[in-house]
Amino acid sequence: MAGEGTYYVPEQSKLPIFASLGLFLTVFGAGSWINGGSPTTFVVGFGVMAIVLWCWFSIVITENMAGLNDAQLKRSYVWGMGWFIFSEVMFFAAFFGALYYIRHISLPELGGDNTTNQILWSGFTEVWPLMTTPDMAVNGANAKVLGPDINMSVTTAESIFTWLPFWNTTVLLTSSVTVHFAHTALKNHNKKGFNLWLGITVALGIIFLFLQAAEYIHAYDENLKINTGVYGTTFFMLTGFHGAHVTLGTFMLLVMWLRSVLKGHFKHEDCFGFEAASWYWHFVDVVWVGLFIFVYILG
């Protein structure tokens, strides 16, 4: 029950158990798939997670629309989303940290003028992006770990206007502006403006994903893959996980747009679902700025 001075406690649910199962299958399946296994486990886990989240969020929305969620419970939603985004910050910090370690600590140790280089990797020179792996430098044609044929840094672009990462950045930063416009429209009780700007944001998210797919197709055609040396690994791990987050963020905003257009949900004083999705979207945009600088510009 909910009321003044009380805290609404939802009914008991088995959904957390299924969520744990789905998350385990998704992560385990993704690891197996990357290492040459079947994608079946990943697909099953992803499907379980999708069903669980659909059911869970439907319950939360129904409870809120029924007026069961009091101010204290809503504050817990804010804190929960805040901690979730913080965990995502730490997630990407680990990958950016790995990129820093490889470029500024590991490579100088392997390719510098030191004993390690002279004994183990004679002939290897530290250059980033790493097109010639230590294995290639030492073993030549017999090397098992081959580097890519191209890199995606700005130095390889014929023109800034034909360089896909530039357009990806333009699209994503623009989407951050449009989602802000949507929030402003909602604050001003302008539902038509809210639906328009939010719809544009969703469209920009989809465009970004298509551009990312086009970049990946080009990379694979030129032998830039996740197993082509440490450059390929870091490139696809960073941009790939970011792409997964953009996919999730786009889906979240799409659901909010459909709720607003089809159900008439969200008012200025009751719109946390949209606000949480917009926070997440701004976070995704900030991560991309970091990727653009450290992977594409300085890469």
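Residues numbered from 1 in each chain as written. Predicted model: local features only at pLDDT ≥ 70, side-chain atom pairs only at ≥ 80, totals over all residues. Heavy atoms only, no water.

## Let's talk about the nonpolar core
- Counting 49 residues, the largest nonpolar core has Met-152, Phe-194, Leu-224, Phe-235, Phe-274 and Tyr-296 as its most contacted members.
- At 13 residues, helix 9 (residues 272-297) tops the list of elements feeding residues into this core.
- Not counting residues within four places of it along the chain, the set of residues in contact with Phe-194 comprises Ala-182, Ala-185, Leu-186, Ser-260, Phe-266 and Phe-274. (Core = buried A, V, L, I, M, F, W, Y, C linked by side-chain atoms within 4.5 Å. Buried < 20%, exposed > 50% of the residue type's maximum accessible area, 1.4 Å probe, protein only. Helix = DSSP H or I, 4+ residues; strand = E, 2+ residues; numbered from the N terminus. Contact = heavy atoms within 4.5 Å.)

## Looking at the layout of surface pockets
- By volume, the second largest pocket is sized at about 230 Å³.
- Lining the second largest pocket are 13 residues, with Thr-156, Ala-157, Thr-162, Trp-163 and His-218 sitting closest to its centre.
- For the lining of the second largest pocket, the secondary-structure elements that each account for two or more residues are helix 6 (164-187) and helix 7 (191-221).
- Across the lining of the second largest pocket, the residue classes tally to six nonpolar, five polar and two charged. (1 Å grid on protein atoms, 1.4 Å probe; cavity = no way out; pocket = protein on both sides within 12 Å on 5 of 7 lines; lining within 4 Å. Points joined across faces, edges and corners; volume = space filled by probe spheres on them. Nonpolar A, V, L, I, M, F, W, Y, C, P; charged D, E, K, R; others polar.)

## A closer look at the pattern of salt bridges
- In total, this model carries one salt bridge according to the counting rule given.
- A salt bridge links Lys-74 to Asp-270, with the nearest nitrogen and oxygen atoms 3.7 Å apart. Separated by 196 residues along the polypeptide, Lys-74 in helix 3 (residues 71-111) and Asp-270 in the loop between helix 8 (229-263) and helix 9 bring together distant segments of the chain.
- Taking relative accessible area as the criterion, Lys-74 reaches 31% and is therefore assigned partly exposed.
- Classification of Asp-270 as partly exposed rests on a relative accessible area of 27%. (Salt bridge = Lys/Arg side-chain N within 4 Å of Asp/Glu carboxyl O.)

## Regarding helix 7
- Taking 1.5 Å of rise per residue, 31 residues should cover 45 Å, and helix 7 covers 45 Å from first to last C-alpha, within 8% of that figure.
- Immediately downstream of helix 7, the backbone of Asn-223 shows phi near 65°, a positive value. (Expected span 1.5 Å × (residues − 1).)

## As for helix 2 (residues 40-65)
- With 26 residues, helix 2 extends 37 Å from end C-alpha to end C-alpha; this agrees with the ideal 38 Å at 1.5 Å per step.
- All of the buried residues along helix 2 are Gly-45, Met-49, Val-52, Glu-63 and Asn-64.
- The inward-facing, buried residues of helix 2 contact helix 1 (15-34) and helix 3.

## What about the domain arrangement of the protein?
- Looking at the protein, the domain boundaries give domain 1 (8-69) and domain 2 (71-297).
- If you average the C-alpha positions of domain 1 and of domain 2, the two centres end up 23 Å apart.
- The partner domain 2 presents seven residues to the six residues of domain 1 that form the contact.
- Of the roughly 700 Å² buried where domain 1 meets domain 2, counting both sides, 67% is carbon and sulfur surface.
- Of all residues in domain 1, Ile-61, Asn-64 and Asn-69 give up the largest surface area on contact with domain 2, accounting jointly for 54% of the area buried on that side.
- In this assembly, domain 1 and domain 2 are joined by zero salt bridges.
- Summed over the shared surface of domain 1 and domain 2, the result is one residue pair in polar contact (both at pLDDT 80 or more). (Domains from an automatic or database assignment. Buried area = accessible area lost by both parts, 1.4 Å probe. Polar contact = N/O pair within 3.5 Å; in protein donor to acceptor, adjacent residues only side chain to side chain.)

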